[in-house]
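The residues making up each chain are set out below.
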Amino acid sequence: MGRSPGIAAGPPGWLEGRGGRPEGYCHRQMVDAVRYLVAGGITWRAMPADFPAWDRVYAFWRRWRDQGWVRELHDRLRDLLRAVVGRDPEPTAGIIDAQSVKAAASVPAATRGFDGGKKVNGRKRHIVVDTLGLLLAVTVTAASVTDRDAGRDLLARLRERHWRITRVWADGGYTGQMVDFARSLLRIALTVVKRSDDVSGFTVLPKRWLVERTFAWLCAHGAWPATTRDAPTAPRR
């Protein structure tokens, strides 16, 4: 179901009688502490005393991140949600888009750039979502990286993890050789949904509104910093 080999999200060994020192904190406490930090945008050292010690929470988060458990947890929750609404857990279609945001002062110059189209100096977030707006693939680059250049890598990783994907909708930033690349090498039909020249002002575009809604969700619920600032200091996939 699109899982990377070697990643397991099973219980600690001591719960299965394999020995080892029992963990000192409940996993629910740790997850709640990480969610509080993300939602509030606080630093690790500013963790309230109601949660476990900040360095223990950070060590927990780092271990889960490095071993792929955070992504595994996300993917399993997405699969369950798709099943609840009557969809197959493995999607067959998606929507790709990118969003440029200004970078905070802490972001190094080596990992930021200028998006001439949006007039933004900072980072660019590239995502692919399914037809429910749920995340399938993410990457973060300097804002100077074009949608097509980042899109090649993103679609390749999408194909690797979600082998049933056969169609992806996109905006005009993914035209040209990107369409041929997706069709010939990835066997994905990249369909560009363009805005009509006869329409003025805001208009809802078929399929593309789904990924725009996901960007709004991520910013509104604290999964990413607000749309005008980008706090992380190193791009991560």
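For the structure itself, consult the block above.
Residues numbered from 1 in each chain as written. Predicted model: local features only at pLDDT ≥ 70, side-chain atom pairs only at ≥ 80, totals over all residues. Heavy atoms only, no water.

Draft legend 1. Quick peek at the nonpolar core. By size, the foremost hydrophobic cluster in this structure holds 18 residues, and its most contacted members are Ile-96, Val-128, Leu-155, Leu-158, Val-168, Tyr-174 and Leu-190. For this core, the secondary-structure elements that each account for two or more residues are strand 1 (93-102), strand 4 (135-142), helix 4 (147-161), strand 5 (167-170) and helix 5 (177-185). Once you skip the residues sitting within four places of it in the chain, Tyr-174 turns out to touch Ile-96, Asp-97, Ala-98, Asp-147, Arg-148, Gly-151, Val-179, Leu-190 and Val-192. The next biggest cluster of nonpolar side chains, apart from the first, holds twelve residues, and it includes Ile-127, Val-129, Leu-210 and Val-211. (Core = buried A, V, L, I, M, F, W, Y, C linked by side-chain atoms within 4.5 Å. Buried < 20%, exposed > 50% of the residue type's maximum accessible area, 1.4 Å probe, protein only. Helix = DSSP H or I, 4+ residues; strand = E, 2+ residues; numbered from the N terminus. Contact = heavy atoms within 4.5 Å.)

Draft legend 2. The arrangement of the packing of helix 4 against helix 5 in detail. At a minimum axis distance of 10 Å, the contact between helix 4 and helix 5 shows a crossing angle of 10°. Considering their axes alone, helix 4 and helix 5 lie roughly parallel with respect to each other. Contact residues: Arg-148, Gly-151, Arg-152 and Leu-155 in helix 4; Gln-177, Met-178, Phe-181 and Ala-182 in helix 5. Taken together, the residues that form the contact of helix 4 with helix 5 break down as four nonpolar, two polar and two charged. (Axes fitted to C-alpha atoms, helices over the stretch in contact; angles between N-to-C directions. Parallel < 35°, antiparallel > 145°, perpendicular 65-115°, else oblique. Nonpolar A, V, L, I, M, F, W, Y, C, P; charged D, E, K, R; others polar.)

Draft legend 3. The arrangement of the packing of aromatic side chains in detail. Under the defined criterion, the tally for this structure stands at four aromatic pairs. Centroid distance Trp-44 to Tyr-58: 5.1 Å. Interplanar angle 75°. Geometry classified as edge-to-face. Taken together, the residues Trp-44 in the loop between helix 1 (27-40) and helix 2 (54-66) and Tyr-58 in helix 2 connect sequence positions 14 residues apart. Exposure remark for Trp-44: the relative accessible area of 21% places this residue in the partly exposed category. Here Tyr-58 falls in the partly exposed class, since its relative accessible area comes to 28%. On the numbers, 5.9 Å between centres and 85° between planes, the contact of Trp-64 with Trp-69 is edge-to-face. Across from the ring centre of Phe-181, 4.8 Å away, lies the NZ or CZ of Arg-152, which sits over that ring. Over the ring of Trp-169 we find Lys-207; its NZ or CZ atom is 4.8 Å from the centre of that ring. (Phe/Tyr/Trp six-rings, centres within 6.5 Å; stacked < 30°, edge-to-face > 60°. Lys NZ or Arg CZ within 6 Å of the ring centre and 35° of its normal.)

Any functional reading would require information that these geometric values do not contain.
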